[in-house]
Amino acid sequence: MKRFRRHGQESQRDRLKQELFQFNKTVEHGFPHQPSALSFSPSLQLLAIGTHSGAIKLYGAPGVEFMGLHDENAAVTQVHFLPQQVELVTLLEDNSLHMWTLRAHQGLSELLEIGRFTLTGPPGAFPNVTRVTAVLAHSLGELLLLGTEGGHVFIVEVPGFRELEERNISLDQVANSVPEDYIGRRNLEHVEALQENPVDPNQVVIGYGRGLMVIWDLEKQCALQHIPATQQLESVWWTEDGRHLISSHSDGSYCRWAVGEGDESDEEEKSDIPYGHFPCKAITKIIQLPTQQGPPFLLFSGGMPRASYGDRHCITVIHGKTQIALDFTSRIIDFFVIKDGPQHTGDPSALVVLVEEELVVIDLQTDGWPVIQTPYLVPLHCSAITCSHHVSAIPLKLWERILATGDLQQTHYSKKPWPITGGQNLAPDPPQRDLLLTGHEDGTVRFWDASGVCLHPMYKLSTAGVFHTDTDPNDNMNQSTEGEWPLFRKVGCFDPYSDDPRLGVQKIHLCKYSGYLTVAGTAGQILVLELNDEAAEQTVEAKVVDLLQGQEGFRWKGHTRLDVREEPVLFPPGFQPFALVQCQPPAVITALNLHSEWKLVAFGTSHGFGLYDYQQKNSVLVKCTLNPSDQLAMEGPLSRVKSIKKSLRQSFRRIRRSRVSLRKHHVNNAAKLQEANARLEAELAEMELAPVQRKIEARSSDDSFTGLVRTLYFADTFLSDSSHNTPSLWAGTNGGCVFAYMLRIPPMEHRAEEGVAAQPAKEIQLMHRAPVVGIVVLDGHGAPLPEPLEVAHDLARSPDMQGSHHLLVVSEEQFKVFTLPKVSAKMKLKLTAIDGSRVRRVGVSWFSSSRTEDYGESGLVVLTNQGDLHVVSLPHVKMQVHYPCVRKEDVSGIASCVFTKHGQGFYLISPSEFERFSLSTRFVVEPRCLVEPPLHSAASQRRRQLDGASSPHRHVSTAAASLPSQPPPPLANLPVCPSPSRNPRQDAEDAESAARRVMEHALLNDEKVLQEIQKSLEGDQTLTMENNVKSAVA
Amino acid sequence: MNKNHRVPSNRSLSAVEVKSKFGAEFRRFSLDRSKPGRFDEFYGLLQHVHRIPNVELLVGYADVHGDLLPINNDDNYHKAISTASPLLRLFLQRKEEADYAAFGTDSLTRRKNTVLSAVLLRPDANRKKPPVIISLPRDFRPVSSIIDVDILPETHRRVRLYKHGQEKPLGFYIRDGSSVRVTAQGLEKVPGIFISRMVPGGLAESTGLLAVNDEVLEVNGIEVAGKSLDQVTDMMIANSHNLIITVKPANQRNNVVRGGGGGGTASGSSGRSSDSGASYYGYGSGGGGGGGGRAAPLPLPSSSAASSATPSHIIQNFPLGAELESDEDDEDLVIEAGGEAEPIRRAPSLPRYEPHLDLRRGPSPANGALPASGSGGSLSSGLPASATPSPDKAAERRSLEEDGTVITL
C-alpha cells in the first residue's frame, strides 16, 4: 500500500523541489581582480573594465552592470566603445578583436559578443606586422583604425570586421613622405597612438614609437603634416579645438605642437619636463581639457623623478596655479575625465582613475578635489578579508542607525552625486535589508549593504583602538608630507599592510535586534560592542580566561596576547566596545556565538571554549578540550603555510618601514614582490615534485587538533527531561565530540545580581570522529529554533515546545539527527563515505515556493570541499539538490563562503570580489537593467535608415525592436509574422509598429514563439551582421 | 517461526527430517529445505519443541563426516540444512553446561573411541591430555576477508578490513598513478589510485591481501574512477571502521583460477574455499564459510569480545552501492550527566567528564571484557584475556598471515 503511494509522492516532491530550489550565480560584488583596461562611453555614460582573465565588465548608474567573458583565456589589453553606439571593441593579448553589444531582450539589456576578428597580414609577413598596438574607434562609428607593431595602420569596417584593404595606411606610404632630416626615418617603430581630430573626423594623427607623428587625411589618403618629435612616444592628445597636439614621452617630457594648414608650422610650440632636472619616468598618458572660463586642465600620469619618487603611482593634475600629484595605492591602469553638460562637452567634472586595486573618482569641480565615494567597485580587500558574516532582514531602526554613523565617517568625501549615470536599473527594490560584515586583517569590520546588486559600504569599525599596537599614528593615509615638492596627495583606500597580524578579525556575530556585536580575533581576543550614536570615552576592561585549566606540559610558542590600553579611549559614534575577553593561550578564535537575550557570549579556540556573561562581565564556564598528546595544538601557530604568509607580511612591513623612514633610499616594491613571489612559487613547485601519498588511517583521539572547537550553539531545549526546556550551550570539536551544558539564567529582574550557571549535561562522541561543523536543534515541527529575540520581536513563530526536539549534528562527513532529551541516533545522511566530499560550510536557510505564497521549508545549505552546493532537507536529512558551484582547487573561495537565511550566499572569487549566488527560486538578487542606444547619434541614424528599420530611441521592450540595427529577415522565419518584404523605405514607422504589435502579441501569448525568435536572432546573428555590412557599404 | 510446521511436505527431497536431542529427550520434526528460515527462528523453534523456552542453548549437529559442528548463525544453520541427508541430527546443550571440547573434527567418532579406550585401555590418558579447546567461530574475530569472489573478475580482489575499534592501525598509504586500460580504441592510459606503502605491522599488511602498487578500483562499492586522491582518502577514512576495497593486485599470480581444468567447478569453489580454508584453521566448522562467497577469516583468538555483528560479517556477497553498514559499528557514544547539579567550577574535575574518555569503547562490550552473555566464561581459561597483544600472540599472527596468502593461491 505504502509502496504504491510512494511513487506519486516522489514525483510530487520533485515538482516541489523545482519550485523551491534553483541555482544561479547572480552578480559579482567588489572590485575586479587584476583589471587591465578601461574605457568610457560619454554617450552611454557607461564605464568598461577589462581584466587579465578575459572578463569585461560594464558599469553605469548604481545597479546597472553587465559582465561578459571572452572564450579565450587572455588578458584584455584595450577596450573601446564605438562612439555614439552600444557596441564596444576589445583587444586581447592574443591579438584578437572582439565586438560586444548591449542587446535588449525582454526589456532588459544583455551584454553579448557578436563578432571576433584577428588581423591577417599578407602571406609570409612577420607576425608583428599585424600585432595590434593602437586602436581608434572612429567617431563616425563605422571604422576601426588598427595601428600595429609593424607600423602599419589597418582600417576595418565595423561592426562586421571587414578589412578595407584599399584604405590601409602602410608604413611605406608614411615613410616616403618623412622629411629627409628626421633622424628616426629609417625606423619609425610601432604605432603607439592613434587620435582623431575632434573637429575634422577625416584627420587622424598616427604616432610612431620613435616619436614621429603624422597627421593623415583619411579621405585623400595622404599625409597632411609631419611632427618630428625625437623622444620615444608614449601618448598623443588632440586638443578639443583641433589646433594643438600634445605628445608625452618616455623621458618624462610632454610637448605641445600646433596643427597647421601646411607642413611648415611643425615647430615645437612648448616642451616641458614637469618634474625635470633629474631623470624622470615616462608620462604614459596626457590629456588637456579646456574650461568655459579660466585655464584648462592638464592631467598626466607618470613623469615622476626616477630616483626619488619612481615607485609612486601618480597622476598630476594642473589647473591654473594649482598643481597636485595624486598618489595612488597601486599601479595606474588608465584614467579618463568626465565632462559636464548634456552633450558631455562642458567643463571637466570628474577624473576617473582605474588603478590595479581600486577605482578612484575625483571631483574636479569642488575645491580641494575631494574623492567621490564609489557606489560599486569598492575594494573589499583594502585590507585582506579574513572572515565574513551575513545578517538577513535587518530591522529598519538598526539599519538607519548604522547608516547614520557611517555617514559621519564619510565627511571627507565629495557631496557630488556619482557621475556615471548610464542605463536604467529596473531591478525591483530588494525585499529586505541585508547586511554583510567582513572582518579584515587590520582589525576592522566593514559593514556592507548587501540588499541589492551594489555592495555598498555603510560603516567601518576598527577594533585596533582598544589595543596598543606598533602602528605609527603619523603613518596614515591622508597625511600630506609638508614642505615637499611636488605636493602629493594620497588617494584611495587600498592598504594591504597590517601592522599587527594579531588584530585580524576571525569571527563576527551581530544580533540584529539588540545591536550587540561581538568580534573575535587572531590573538584570542573577543570584543563585545554596543551601538552608540554618540562618541564616548571609556576604558575597556579586559578579562583573561585561562582555557588550559591547569593542563600540564603545555608550551605556547605562538604570539603573545594583545596589549590592552588601560587609559580611557575615545570611541567615535558607532559600535563601541564595552567588554573584552582575552583567551590564554592567545590562540586564534575558531568559534563564536552571541545570545543577546541571555547576554552571553560563547567562544572557542583550539584549546577549549568558554562562556562569558557580558552583563556581569564575568566568566561563566571554561572547558578545556585539549588532548594532552596533541603536540601541535599545544605549541601554537596553526600551520606552516600561515607562517610563510606571516613572514612575507613581515618582510613587506620591513620594506614599508624603510620606505617611510628613509625617503631618499627607495626600494622597488614591485621588484621585491616579484622576487618574493618567485621564491614562493619555487618552493611550491618543489613541494609538488615530491610524490603525493595519503595515509589511510581511522581517526583517533590522538590526532592533531581534536580539541579545536569548531562550532558553538545556544538553544532553549529539552536537555535533561522531556517536560522542562532549559537554556543550553552546545560545542562541537574537531575530534567529533559534542559537549552540551545546561545553563541556569536568573530571571530578568535579578539578571544583574544573580550569576549564570552552567552545568555539564551531555557529551556525545561521534564514532566516525569527523569534525563537528554545525549543531542545530529542531523543534517539535522539525523546524530549526529561531534566533534569540526573534520571537520577542514577533518576527518568528515561537518554536513548538510540545513535540519532542531533535538535535542535528553536522560533521564534515555526516548529518546525524538525534532525539532529545535522551540522545539516540534517529536518522543520518552520509556524505563522505558515499562520494568522498566533505562539508566545508553549512547554513540553515528558508526556502519559499515560487508558486504558492504560503509554502516554504527549512533546509540545510552545504558547500563541500569539492565546491558543490547541496541542499539537505530538514528534519529528515535527505539530499534534495546539488549543484557545482566553486572550483574545488579554489580552497580560499570555498572557505570564504557564507550563506544567508534565504538561500543565497557569497564567496570570494578573488581577494577583492564576492560572487553572489542563489539557491532559492524566490530570493534572487541580480542586475536587471536596460541601456538605450544614445539619442542624437547621426551615424547610427544613418545606418539605421539604410537598414530600413526604425528609430531606436524609444523605450521598446519587445524582442523584435530590441535589435534596431537589424533588418527584418529573422522575423520571416516566424509563422506569425506578416510578410516583411515590403519596401523598407516606404514606411519605416508603419513597419515597426506592425512588427511590434505582432511581437507583443506573440510575447503575451506564446512563450514558444518567443524562444523561437530568440533562437533565430542568435542563429542569424552572423548573417544579419553581414547584411548590415553590405547595406552599409551600399 | 512455525511456518515450516504448517507446510508438511510429502516429498522427501524438499523436507529435512530433524532429530533433536536435548539431555535424554528426543524431538523429531521436519523443515523445508528450500525455505529454512533464519537461525533465530530455528532457535526459537527448538526451544519451543523441547518446551524449554528460557533455557539458553548451544546447538550442534552431526555433519556428513560425523563431526559435531555448531549451529549459531544463519550461515552454518543453512549449511547444516543443506548438507543434511536425509536426517539432521541435532545435539542441544545448556549453555552453562556446554562441553566445548565436544566440537571439532572427528569429535563424535573420537568421543566414542575415547570413551571406549578410556574405560578399557588407558583409564588416565584422558585426564593427562585434555583435548585442545577450540573455540566457536563466533568467538573468533575476523580481521579481513576476501569477498564476492564469485561475482568479480578474476583479476580483481575485494578485501574487507575489519577495524573493530582495535588498536592496530589500518596502515597503508595511497597515491595517484596511471594504469593502462584496454578499450575499444586500443590501450589507454587512465589515472588511477594505487597503494603506495604498507605500514609494517598494520592491519593491511598483516592480512597479506593487499600489496604495494595494487590499484584501488572501489571503496565500499563505490568506484573511485574520476575521483581525486583526496576524495578517495576521505572516502576510505570515512569507511575506516568497515573498509571494503576492491583492488586489482599488482601481482596477478595469486589469483583464484576458476573453471576450465583443475577439477574445481564453479559451484564447488565455495565449498573448497570455505570448508577447507576454515577447517585448515581448526574452525571445525564449514558453517563459517557457507553461502557461496569465499572467506579467509583469520581466526585471531579474540581477546576482546567479538562484535555482536560478527557472524553476519563472515560471509556476505557485498551488494554494490548498497548500504553496507552495521549500525552497531557506527554507534556514537553518549555520556549523560548524572546526579545533582554541580557548581561549574568543579565540573571539569568530575571523573565522568575527563576531556578524553576512553572512547574507543563501543556500545558493544568493551575491550578485554567477556561477551555480554557471559556464556563464554569457560573460554577465558584457554584464551589470553589481555587487551594488549602478547609477543607469542603476535608471532601467531604473523604465521597466520603467511597462511593467509597461502590459501588465496
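Computed from a prediction, not measured in an experiment: that's the story for all the values here. In every chain, residue numbers begin from 1 and rise along the written sequence. Here every chain gets a letter starting at A, and every ligand a number starting at 1, in the order they are written. pLDDT decides what is reported in this predicted model: residues at 70 or higher carry local features, side-chain atom pairs at 80 or more are listed and counted, and totals for whole chains, interfaces and linings draw on all residues regardless. With hydrogens and water excluded, all non-hydrogen atoms of the structure serve as input to the side-chain values.

Peer 1: So what's going on with the overall build of chain B? Which residues, and what values?
Peer 2: Helix and strand assignments come from DSSP, with helices taken as H or I runs of at least 4 residues and strands as E runs of at least 2, each series counted from the N terminus. Scanning chain B from terminus to terminus reveals ten helices and 15 strands. Exposed residues in this analysis have more than 50% of their type's maximum accessible area, buried residues have under 20%, and partly exposed residues fall in between, with area computed by a 1.4 Å probe over protein chains only. Within chain B, buried positions represent 45% of all 409 residues. Contacts are assigned to residue pairs that have any heavy atoms within 4.5 Å of one another. Long-range pairs, those at least 24 residues apart, make up 63% of the contacts in chain B with a sequence separation of at least 6. Each accessible area value is a Shrake-Rupley result obtained with a 1.4 Å probe; residue values ignore everything except the protein chains displayed when judging cover. Put simply, chain B shows about 20,400 Å² of open surface, and 54% of that area lies on carbon and sulfur atoms.

Peer 1: Can you tell me about the sheet that holds strand β13 (residues 162–163) of chain A, naming the residues and giving the values?
Peer 2: Across a sheet, strands are paired by hydrogen bonds formed along the backbone, either parallel or antiparallel in direction. At least two bridges found by DSSP between two strands is the condition for calling them paired. Pairing within the open sheet is antiparallel, and its four strands lie in the order β10-β11-β12-β13 (chain A). For this open sheet the edge positions go to β10 (132–137) and β13 of chain A, each flanked by a neighbour on one side alone.

Peer 1: Please set out a nonpolar patch on the surface residue by residue, giving values where relevant.
Peer 2: Residues and elements named next belong to chain B. What makes a patch is a set of residues exposed beyond 30% relative accessible area and free of salt bridges, joined within 9 Å when like-charged and within 5 Å when nonpolar (Val, Leu, Ile, Met, Phe, Trp, Tyr). Here, a salt bridge means any side-chain nitrogen of Lys or Arg that lies within 4 Å of a carboxyl oxygen of Asp or Glu. Side chains of V180, V182 and L187 sit close together on the surface and give an oily, nonpolar patch of about 330 Å² of accessible area. Along the polypeptide, L187 turns up in strand β10 (residues 186–198). Taking relative accessible area as the criterion, L187 reaches 66% and is therefore assigned exposed.

Peer 1: Explain the interface of chain A and chain B residue by residue, including any values.
Peer 2: Taken together, the contacts link 52 residues of chain A with 53 residues of chain B. Each partner contributes to the roughly 4,200 Å² buried at the junction of chain A and chain B, and carbon and sulfur atoms together form 50% of this total. Linking chain A with chain B are two salt bridges, by the criterion used here. Between B:D234 and A:R838 there is a salt bridge; the shortest N-O distance is 3.3 Å. Buried area: the sum, over both parts, of the accessible surface (1.4 Å probe) that disappears when the two are put together.

Peer 1: Quick one: what's the story with the nonpolar core, residue by residue and with numbers?
Peer 2: All names here are of chain A. By convention a nonpolar core is built from buried Ala, Val, Leu, Ile, Met, Phe, Trp, Tyr and Cys residues, the set being connected through side-chain atoms within 4.5 Å. Counting residues in hydrophobic clusters, the biggest one holds 36 residues, and the most contacted among them are V317, F328, L351 and I362. Looking at this core, the elements that each hand over two or more residues are β22 (283–289), β23 (297–302), β24 (313–319), β25 (322–328), β26 (332–339), β27 (348–355) and β28 (358–363). Once residues lying within four places of it in the same chain are set aside, the contact partners of F328 are H313, I315, V353, V355, V360, I362 and V491. In this structure, W730, I775, L807 and V862 belong to the second largest nonpolar core, which totals 34 residues.

Peer 1: Which residues make up the packing of aromatic side chains, and what values do they have?
Peer 2: Residue and element names in this part refer to chain A. Side-chain rings of Phe, Tyr and Trp, where Trp is taken by its six-membered ring, are said to pair if the distance between their centres is within 6.5 Å; with planes under 30 degrees apart they count as stacked, over 60 as edge-to-face, and otherwise as tilted. Going through the model one piece at a time under the given rule, you end up with 25 aromatic pairs over all chains. Here Y376 and W418 contribute two aromatic rings whose centre-to-centre distance is 5.4 Å and whose plane-to-plane angle is 80°, an arrangement assigned as edge-to-face. With Y376 in the loop between β29 (371–372) and β30 (385–391) and W418 in the loop between α4 (396–409) and β31 (424–425), this residue pair connects regions lying 42 residues apart in the sequence. By relative accessible area, which is 11% here, W418 ends up buried. Judged by centre distance (5.1 Å) and plane angle (65°), the rings of F447 and Y459 are edge-to-face. Of this pair, F447 sits in strand β33 (residues 444–449) while Y459 sits in strand β34 (residues 456–462), and the two are twelve residues apart along the sequence. We classify F447 as buried; its relative accessible area is 0%.

Peer 1: Summarise the sheet that holds strand β63 (residues 904–910) of chain A; cite the residues concerned and give the values.
Peer 2: Residue and element names in this part refer to chain A. A sheet is described by the order of its strands in space; here four strands give the open sequence β1-β64-β63-β62, paired in antiparallel fashion. Looking along the sheet, the strands with just one partner apiece sit at the ends: β1 (21–30) and β62 (898–899). Across six bridges, the pairing between β63 and strand β64 (residues 913–920) is antiparallel. Note that in β64 the partner of L908 across the bridge is F914.

Peer 1: Can you lay out the side chain of B:S240 for me, pointing to particular residues and giving the numbers?
Peer 2: Secondary-structure assignment places B:S240 in the loop between α7 (229–238) and β13 (242–248). Once residues lying within four places of it in the same chain are set aside, the contact partners of B:S240 are A:A698, B:K163 and B:L170.

Peer 1: Run through unusual backbone geometry, naming residues and quoting values.
Peer 2: Residue and element names in this part refer to chain A. Residues L820 and P821 are joined by a peptide bond in cis, for which omega reads 0°. Structurally, P821 can be placed in the loop between β56 (814–819) and β57 (825–830). Of the consecutive residues L874 and P875, the connecting peptide bond is found in the cis state with omega at 0°. Relative to the helices and strands, P875 is located in the loop between β60 (868–873) and β61 (879–884). Residues other than glycine seldom take positive phi values, yet Q106 does so here, at roughly 55°.

Peer 1: Summarise the pairing of strand β11 (residues 215–219) of chain B; cite the residues concerned and give the values.
Peer 2: All names here are of chain B. By the criterion of burial, β11 is predominantly enclosed, with five of the five residues buried. With two bridges joining them, β10 and β11 adopt antiparallel strand pairing. In the strand pairing of β11, I193 is matched with V216. Where β11 and β13 come together, four bridges link them in antiparallel fashion. Each residue of the ladder has a partner; that of V216, found in β13, is V247. Of the strand pairs in this sheet, β11 and strand β12 (residues 222–223) are connected by two bridges, and their pairing is antiparallel. By the bridge assignment, E218 is partnered in β12 with E223. Hairpin connection of β11 to β12: two residues between the antiparallel strands, including N220 at a positive phi of 45°.

Peer 1: So, the pattern of salt bridges: which residues are in play, and what are the values?
Peer 2: Residue and element names in this part refer to chain A. All chains considered together, the criterion is met by 32 salt bridges over all chains. The salt bridge partner of D14 is K17, with a shortest N-O separation of 3.8 Å. Note that D14 and K17 are positioned in helix α1 (residues 2–20) at a spacing of three residues, about one turn of the helix. Looking at K17, the relative accessible area reads 18%, which means it is buried. R751 is the partner of D613 in a salt bridge, and the nearest nitrogen-oxygen pair spans 2.9 Å. Within this pair, whereas D613 is found in strand β47 (residues 608–613), its partner R751 is found in the loop between β52 (737–744) and β53 (757–765), the two being separated by 138 residues in sequence.

Peer 1: Now, about the environment of A:C885: what can you tell me, with residues and values included?
Peer 2: Residues and elements named next belong to chain A. Relative to the assigned elements, C885 resides in the loop between β61 and α9 (891–895). Taking the C-alpha atoms as reference, C885 lies 29 Å from T374; in sequence the two are 511 residues apart. Aside from chain neighbours lying at most four places away, what touches C885 is F23, K25, G867, D868, L869, Y907 and F917.

Peer 1: Mind laying out the side chain of A:Q225, listing which residues take part and the relevant values?
Peer 2: Relative to the helices and strands, A:Q225 is located in strand β17 (residues 222–228). Of the polar contacts made by the side chain of A:Q225, one reaches the backbone oxygen of A:A258; its length is 3.3 Å. Under this definition, polar contacts are N or O atom pairs within 3.5 Å; protein pairs additionally need one hydrogen-donor-capable and one acceptor-capable atom, and for neighbouring residues in sequence, both atoms have to be side-chain atoms.

Peer 1: So what's going on with the environment of B:Q231? Residues and values would help.
Peer 2: By secondary structure assignment, the location of B:Q231 is in helix α7. B:Q231 has contacts with A:D835, A:G836, A:S837, A:Q866 and A:K888, leaving out every residue within four places of it along the chain.

Peer 1: For the confidence of the model for chain A, give the residues involved together with the corresponding values.
Peer 2: Residue and element names in this part refer to chain A. Known as pLDDT, the predictor's per-residue confidence is scaled from 0 to 100. Of all residues in chain A, 81% attain a pLDDT of 70 or more, and the chain-wide mean is 81. The low-confidence segment residues 474–481, where pLDDT is below 50, has ten contacts with residues more than four positions distant or belonging to other chains. Below a pLDDT of 50 lies the segment residues 657–668, which in the model reaches 16 contacts outside its immediate sequence neighbourhood of four places, other chains included.

Peer 1: Report on helix α3 (residues 74–83) of chain B, specifying residues and quantitative values.
Peer 2: When we look at burial in α3(B), the residues that qualify are B:D75, B:N76, B:Y77, B:A80 and B:I81. Measuring from the side-chain oxygen of the N-cap residue of α3(B) to the backbone nitrogen of B:D75 gives 2.9 Å; that N-cap residue is B:N73.

Peer 1: Tell me about the confidence of the model for chain B, and please be specific about residues and values.
Peer 2: All names here are of chain B. In this model, chain B carries a mean pLDDT of 62, and residues with pLDDT of at least 70 account for 49%. Segment residues 1–11: pLDDT under 50, and 15 contacts once partners within four positions in sequence are set aside and those in other chains are kept. Throughout residues 259–329 the model reports pLDDT below 50, and contacts reaching past four residues in sequence, or to other chains, amount to 150 contacts. For this predicted complex, the interface confidence score (ipTM) comes to 0.74, while the overall pTM stands at 0.72.

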